[in-house]
Amino acid sequence: MRLLHTSDWHLGRAFHRVNMLGAQAEFISHLVTTVRERAVDAVVVSGDVYDRAVPPLAAVELFDDALHRLAALGVPTVMISGNHDSARRLGVGAGLIGRAGIHLRTEPAAAGTPVVLADADGEVAFYGLPYLEPALVRDEFGVEKAGHEAVLTAAMDRVRADLAARPPGTRSVVLAHAFVTGGEPSDSERDITVGGVAAVPAGVFDGVDYVALGHLHGCQTLTDRVRYSGSPLPYSFSEAAHRKSMWLVDLAADGSLDAERVDCPVPRALARIRGTLEDLLADPELTRHEEAWVEATLTDPVRPADPMARLTARFPHTLSLVFDPDRDEDESEVSYARRLVGRSDQEIAEDFVAHVRGAGPDPHEQGVLRDAFDAVRADETVREVAR
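Throughout what follows, the structure given in this document is the object of discussion. Source: prediction; values computed, not measured.

## Side note on the overall build of the chain
Alright, step 1. The helix and strand inventory of the chain stands at 12 helices and 19 strands.
Alright, step 2. The C-alpha radius of gyration computed for the chain amounts to 27 Å, which surpasses the reference 21 Å derived for 387 residues by more than 25%, pointing to a less compact arrangement than a globule.
Alright, step 3. Counting only C-alpha atoms, the chain reaches 85 × 55 × 40 Å along its principal axes.
Alright, step 4. Within the chain, the fraction of its 387 residues that count as buried is 45%.
Alright, step 5. If you take every contact in the chain between residues at least 6 apart in sequence, the share linking residues at least 24 apart comes to 68%.
Alright, step 6. Total accessible area on the chain is roughly 18,500 Å²; 51% of this is exposed by carbon and sulfur atoms.
Alright, step 7. In the chain, 39 side chains carry a positive charge and 61 a negative one; their mean positions are 3 Å apart.

## Structural notes on the pairing of strand β8 (residues 122-129)
Here is the key point about a regular strand: its side chains alternate between the two faces of the sheet.
Alright, step 1. Burial analysis of β8 places six of its eight residues in the buried class, the great majority of the element.
Alright, step 2. Note that strand β7 (residues 115-119) and β8 share five bridges and pair antiparallel. Within β8, the position partnered with V115 by the bridge is F126.
Alright, step 3. Taking the residues that link successive antiparallel strands as the turn, the β7-β8 hairpin has two residues.

## Some remarks on the packing of aromatic side chains
Alright, step 1. Taken as a whole and assessed by the stated rule, the structure comprises four aromatic pairs.
Alright, step 2. With a centroid separation of 5.2 Å and 35 degrees between ring planes, the pair formed by F15 and W293 is classed as tilted. Taken together, the residues F15 in strand β2 (residues 14-15) and W293 in strand β18 (residues 293-298) connect sequence positions 278 residues apart. Residues F15 and W293 agree in their burial class; the two are buried.
Alright, step 3. Ring geometry for Y50 versus F63: centroids 5.4 Å apart, planes at 65 degrees, classification edge-to-face. With Y50 in the loop between β4 (42-46) and α2 (57-73) and F63 in helix α2, this pair connects stretches of sequence that are 13 residues apart. The same class applies to Y50 as to F63, namely buried.
Alright, step 4. Taken together, the ring pairs connect F15, F237 and W293 into an aromatic cluster.
Alright, step 5. Looking at R227, its charged tip hangs above the ring of W247, at a distance of 4.5 Å from the centre.

## A look at the pattern of salt bridges
Alright, step 1. Here the structure, examined in full by the defined rule, presents 16 salt bridges.
Alright, step 2. Put simply, D224 and R227 hold a salt bridge, and the shortest N to O gap is 2.8 Å.
Alright, step 3. For D224, a relative accessible area of 44% corresponds to the partly exposed category.
Alright, step 4. What makes R227 buried here is its relative accessible area of 6%.
Alright, step 5. Between D324 and R274 there is a salt bridge whose closest N-O contact spans 2.8 Å. One end of the pair, D324, is in the loop between β19 (318-323) and α9 (329-333); the other, R274, is in strand β17 (residues 270-275), and 50 residues separate them in sequence.
Alright, step 6. Under the relative-accessibility criterion, D324 is labelled partly exposed at 36%.

Each value, and the rule that gives it
- Residues numbered from 1 in each chain as written.
- Predicted model: local features only at pLDDT ≥ 70, side-chain atom pairs only at ≥ 80, totals over all residues.
- Heavy atoms only, no water.
- Helix = DSSP H or I, 4+ residues; strand = E, 2+ residues; numbered from the N terminus.
- Rg over C-alpha atoms; globule rule 2.2 N^0.38 Å.
- Buried < 20%, exposed > 50% of the residue type's maximum accessible area, 1.4 Å probe, protein only.
- Contact = heavy atoms within 4.5 Å.
- Areas by Shrake-Rupley, 256 points an atom, 1.4 Å probe, with all protein chains shown as cover.
- Lys, Arg positive; Asp, Glu negative; His and termini not counted.
- Charge placed at Lys NZ, Arg CZ, Asp CG, Glu CD.
- Pairing = 2+ DSSP bridges.
- Phe/Tyr/Trp six-rings, centres within 6.5 Å; stacked < 30°, edge-to-face > 60°.
- Lys NZ or Arg CZ within 6 Å of the ring centre and 35° of its normal.
- Salt bridge = Lys/Arg side-chain N within 4 Å of Asp/Glu carboxyl O.

Geometry only, nothing functional implied.
What follows is the structure, given as C-alpha cells:
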C-alpha cells in the first residue's frame, strides 16, 4: 500500500505579515497531483490542519476544496487534529464526511478504533491519535500523572490491544501529533511543554509498522518506521535550511517499507543574513538572496538611520530586522544595576538611551530629557504643596 504522509498545513497562517493562502492553495494542488500521478493508495495528515482553533473563512474554504478534490480521486484520507486545531470543530460532520472516504479522527476515546483499508496484500489498520492534551485526557486514559508520555503510552496500549485481536498479518499505521525525543524543533511550533517535559521517547510507538508524526516543522527520520513529514511551507526563519517535502511510503505485505521524499513547491527562498548595514548593502556574495524573504541581523555598534528602507532597496522582500550590535565584551558584562549606582535621573536616562541605541543622546536630546525631568519635578512639587 502506498501512503502519502503530510502534516502541519496551518491553513490561514501568515509568514511575517505575508499572506500565505495562495501558497497553501498551490500546495493543495501539488498534493492532489502527487496523489493522482504517483498512484497513492491513502493520504495521512498528522494534525495542525488549521493554524488556530477558529480559522478564517478563506482557510475553511481551502480545506473544503482540498476535501472535495481528494474525495473526487477516490483515494481514502485519514486526518487527525493537532494542538493548533479545535478538535471539536474539525470533527464536525466526521461521520458523514467519512462516507466520502475522508476519515477525521479527533476524539481521544477512539484512539484504539482504526480506519481499516485493504489492498491486494490484505488489511491495513490506521489508528488516529489526535493531539492529546494531558490535563484534558488523563481521565479518559486512566493515568495518574498528567504527562505526554503517560497519555500517549495509554493510547498506544489501546492500539496494540486492538491490533493483537486482528487477523495475523494485519499491517498498522499510527498517526500522532506529538514532540518525540530526537526531533529537531523550530521557532514556529507552539510550545506543548507540560510539567517541564514536552518530548516522549520513540519507543512509545513500538509494535506498529509506520508512525506518521506531526507537530515539528522539519522533515525528519527518527527511526526507519517513525518519521515527521514537516510542514509543507516555512512559517519561521528558523526553517531557512529546511527542505519542505512529504513522505511517499510503500508498505509491503510483510510490513517492511520504503520511503521517498516528495518536494513541495515553496513560493520564495528564505535567507538569514548578518553584518553591518554597509556590509550587507555592498557584499556581492549576497546577490543570490536579493529575491528571497530575508531576515537581516544588523551588528552595527550604533543603530543606523532608516535601516529597513535602505535594506529593502537591495533586498525588497526583507521581512524581519534584528539588532545585535557588536560591542565590547567587558562592557556587556557590566550589569545594568551597577551602571545606575551614583547616577542622577538625567544620567540614568542618557545611559538607557546608549544601552538600547548604541550611542548616547546628542546635545539636543539631552536638552529634551532635561526639560522633561524639570517638568516632572515641578509637577511633583505642586502636588506635594497641594496635599
